[in-house]
2 protein chains.
Amino acid sequence: MIAPIQIEGAARKGRCVVICEHASNALPAPWGDLGLSAAQREAHIAWDPGALGLAKGLAEALDAPLAHACQSRLIYDLNRPPQHAGAMPERSEVHDIPGNIGLNEAARAERTEALYLPFHAELRALIARRLARGVAPVIVTVHSFTPVYFGQRRDVELGIIHDADATLAQAVLAEAQARTGLDARLNEPYSGADGVTHTLALQATPMGLPNVMLELRNDLIADPQAQAAMAATLAPVLQAAIARIETQTGEAA
Amino acid sequence: MIAPIQIEGAARKGRCVVICEHASNALPAPWGDLGLSAAQREAHIAWDPGALGLAKGLAEALDAPLAHACQSRLIYDLNRPPQHAGAMPERSEVHDIPGNIGLNEAARAERTEALYLPFHAELRALIARRLARGVAPVIVTVHSFTPVYFGQRRDVELGIIHDADATLAQAVLAEAQARTGLDARLNEPYSGADGVTHTLALQATPMGLPNVMLELRNDLIADPQAQAAMAATLAPVLQAAIARIETQTGEAA
């Protein structure tokens, strides 16, 4: 069976922990292709195209560990709790997901135990080990969104989304506007109110850790060169934003 | 080594999950007695006297699983994150804890991995299995507090404490005032702002689950008979409070 999580650079010493829940479009056994076409398996409904390459570049630039998923969000969306309709969606945007229609309790429980629980337990352990050593990590999740959704074009290029505490997101917005030409917006194309910040709610908020979810429009990170360039653009934005909130609070946040 | 968690009645079918983080004053190997006297090991600084008996009675009356700790909060306080000074306290009320003074990073990490991480991972799994089956459990933590703290007498008998969502706590307060003669108060003798709702913040809030922390003054639950009587008093309070919030929202909360 596929690993529920892959952690790269666990020993890296930087302040951030980078997370990419929608890194992969793999549809491994025992779940298989869920009845999807080849085109559907490549589309944004199956994963966040470009997000893993960007996350790897950011993690290296920030000397941060990277935790990422190894299977499609359509098998289990690790950024949703088990009771959420989107955890094992029957439909995504305009696409039915045949292999998810009418899942019984046992099938839902099996995916939850195989994927969701170990992903978040290992991620919690990675973060808790740093906390026990006296380091309060900054939690950064990396996502991408489709330029056209339900037929509507999206102009936003960089979405900066927060859970309960907006402090870091506001600082990232200010630094992105000061340092990049990106159309950067707070809580677009969606926000925590839409239930998209579950990983932050689970891993950062209860620990009092600064956190932000970065959403890149996926046409801007379509190939490895573009992903590397975007990582080089955003790493200094994150570093400056972290420095800004630490100056504000007068302590290591 | 001691088990990091004990779960009783995992197959019970009721709506609640009952949790008792400070159930035990055991000081097992490899940590040992931390340099405490026999009197200190019996005192409220080591555990919540009476809380486990009350929690067992409540869990049975509510047909709920009970998850409880098997070691003293002075080795690791499972209701605190690893970076919190109270997780492995050097001092509690007026008592130094010799075995916790100057703990190095390795010792803090070792207790975190041995106790905190598995306790909360197993508790998360218990809750997530219910969520995957379509049941949204109600999370109830059971604690006790000392009648005299830093020399001050406390009049409150039942403290009802909430994390971010006050809905269930307010309903429990109303039902406790209507159904019992207890001096029941919201967010006394302390509140979530004091950092005492970590388990709720970790296990209930990110899942959107109704939650409440019950704090009983420990002179009211000093022996098994008193614990059983208090459980018989409080179980209908909880049941009525859950019915009340479900009527308010018009759905299973």
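Rules and cut-offs
- Residues numbered from 1 in each chain as written.
- Chains lettered and ligands numbered in written order.
- Predicted model: local features only at pLDDT ≥ 70, side-chain atom pairs only at ≥ 80, totals over all residues.
- Heavy atoms only, no water.
- Helix = DSSP H or I, 4+ residues; strand = E, 2+ residues; numbered from the N terminus.
- Contact = heavy atoms within 4.5 Å.
- Polar contact = N/O pair within 3.5 Å; in protein donor to acceptor, adjacent residues only side chain to side chain.
- Salt bridge = Lys/Arg side-chain N within 4 Å of Asp/Glu carboxyl O.
- Nonpolar A, V, L, I, M, F, W, Y, C, P; charged D, E, K, R; others polar.
- 1 Å grid on protein atoms, 1.4 Å probe; cavity = no way out; pocket = protein on both sides within 12 Å on 5 of 7 lines; lining within 4 Å.
- Points joined across faces, edges and corners; volume = space filled by probe spheres on them.
- Pairing = 2+ DSSP bridges.
- Axes fitted to C-alpha atoms, helices over the stretch in contact; angles between N-to-C directions.
- Least-squares fit on C-alpha atoms with pLDDT ≥ 70 in both.
- Patch = residues over 30% accessible without salt bridge, like charges linked within 9 Å, V, L, I, M, F, W, Y side chains within 5 Å.
- Areas by Shrake-Rupley, 256 points an atom, 1.4 Å probe, with all protein chains shown as cover.
- Buried < 20%, exposed > 50% of the residue type's maximum accessible area, 1.4 Å probe, protein only.
- Arc of directions from axis to C-beta.
- Expected span 1.5 Å × (residues − 1).

A. Examining the environment of R91 of chain B more closely. All names here are of chain B. For R91, the location among the structural elements is in strand β4 (residues 91-92). Linking R91 and C16, residues 75 residues apart in sequence, is a C-alpha distance of 34 Å. In this view, R91 contacts D96 and I97; residues no more than four positions away in its chain are not counted. Polar side-chain contacts of R91 include one of 3.3 Å to the backbone oxygen of V94. Of note is the side chain of R91, whose polar atom sits 2.8 Å from the side chain of D96.

B. How the structure looks around the interface of chain A and chain B. Facing the 23 residues of chain A at the interface are 23 residues of chain B. Summed over the shared surface of chain A and chain B, the result is 2 salt bridges. Between E113 of chain B and R129 of chain A there is a salt bridge, with the nearest N and O atoms lying 2.7 Å from each other. Of all the secondary-structure elements, those providing two or more residues to the side of chain A that touches chain B are α3 (105-132) and α5 (198-203) of chain A. The element best represented in the side of chain A that touches chain B is α3 of chain A, accounting for 14 residues. Residues of the side of chain A that touches chain B, tallied by class, amount to 14 nonpolar, 3 polar and 6 charged.

C. Molecular detail of the layout of surface pockets. Residues and elements named next belong to chain B. Considering only enclosed or pocket space, the largest pocket measures out at about 640 Å³ in volume. Around the largest pocket, the lining is made up of 33 residues, and of these R73, D77, R80, S92 and Y149 lie nearest the centre. Elements with a contribution of two residues or more to the lining of the largest pocket: β4, β6 (138-145) and β11 (211-217). Ranked by the residues each element gives to the lining of the largest pocket, the list is headed by β6, at 3 residues. A class-by-class count of the residues in the lining of the largest pocket yields 12 nonpolar, 10 polar and 11 charged.

D. The sheet that holds strand β3 (residues 66-68) of chain A, seen in detail. Residue and element names in this part refer to chain A. Reading across the sheet, the 7 strands line up as β1-β3-β2-β6-β11-β9-β10 and stay open at both edges, with mixed pairing between neighbours. Each end of this open sheet is capped by a strand with a single partner; those strands are β1 (6-8) and β10 (184-186). Across the sheet, the mean angle from the axis of one strand to that of its neighbour is 20 degrees, orientation sign disregarded. In the sheet, strand β2 (residues 16-20) pairs with strand β6 (residues 138-145) via 4 bridges, with the strands oriented parallel. Its bridge partner lying in β6, V17 is registered against I139. Packing against the sheet, helix α2 (residues 51-61) makes contact with β1, β2, β3, β6 and β11 (211-217), and its axis sits at approximately 150 degrees to β6. Sheet contacts for α3: β1, β2, β3 and β6; angle to β2, the most-contacted strand, approximately 170 degrees.

E. Region of the structure containing the relation of the copies chain A and chain B. In the superposition of chain A on chain B (RMSD 0.0 Å, axial shift 0.0 Å), the rotation amounts to 180 degrees. Between the two chains, the operation in question is that of a two-fold axis. A share of 100% of interface residues in chain A that are also interface residues in chain B marks the association as one of identical surfaces.

F. Representation of a nonpolar patch on the surface in the model. All names here are of chain A. A surface patch of nonpolar side chains, amounting to about 280 Å² of accessible area, comprises V94, Y149 and F150. Among the secondary structure elements, V94 is positioned in the loop between β4 (91-92) and β5 (95-96). Given a relative accessible area of 48%, V94 falls into the partly exposed group.

G. The arrangement of the sheet that holds strand β9 (residues 158-161) of chain B in detail. Residue and element names in this part refer to chain B. The 7 strands lie next to each other as β1-β3-β2-β6-β11-β9-β10, forming an open sheet whose pairing is mixed. Two strands lie at the open edges of the sheet, namely β1 (6-8) and β10 (184-186), each paired on one side alone. For this sheet the average axis-to-axis angle between neighbouring strands, irrespective of direction, equals 20 degrees. Relative to β11, β6 runs parallel, the two being bridged by 7 bridges. Note on β11: the bridge partner recorded for F145 is R217.

H. Here's a closer look at α2 of chain A. Residue and element names in this part refer to chain A. Where α2 is concerned, the buried positions are A51, L54, A55, L58 and A59. Burial along α2 is one-sided: seen end-on, the buried residues are contained in an arc of 130 degrees. A positive backbone phi angle near 55 degrees is found at D63, which sits one or two residues after α2.

I. View of the environment of R124 of chain A. Considering the arrangement of structural elements, one finds R124 of chain A in helix α3. With relative accessibility at 6%, the residue R124 of chain A sits in the buried group. Between the C-alpha atoms of R124 of chain A and F145 of chain A, which are 21 residues apart in sequence, the distance is 26 Å. Those residues in contact with R124 of chain A that sit more than four places away from it in its chain are L202, Q203 and M207 of chain A together with Y116, L117, R124 and L202 of chain B.

J. Geometry of the pattern of salt bridges. Residues and elements named next belong to chain A. Applying the stated criterion across every chain yields a total of 24 salt bridges over all chains. For R73, the salt bridge identified is with D77, shortest N-O distance 3.2 Å. Like R73, the residue D77 is buried in the burial classification. One salt-bridge network, in which partners are shared between bridges, spans D48, R73 and D77.

K. Up close: the environment of A201 of chain A. Here A201 of chain A is to be found in helix α5. Separated by 38 residues in sequence, A201 of chain A and D163 of chain A have C-alpha atoms that sit 6.3 Å apart. Residue contacts for A201 of chain A: discarding those within four places in its chain leaves D163 and P206 of chain A together with P206 of chain B.

L. Representation of helix α4 (residues 167-179) of chain B within the structure. The terminal C-alpha atoms of α4 of chain B, which comprises 13 residues, lie 18 Å apart, in line with the 18 Å expected from a rise of 1.5 Å per residue. Where α4 of chain B is concerned, the buried positions are L168, A169, A171, V172, L173, E175 and A176 of chain B.

So yeah, pure geometry; function would need other evidence.
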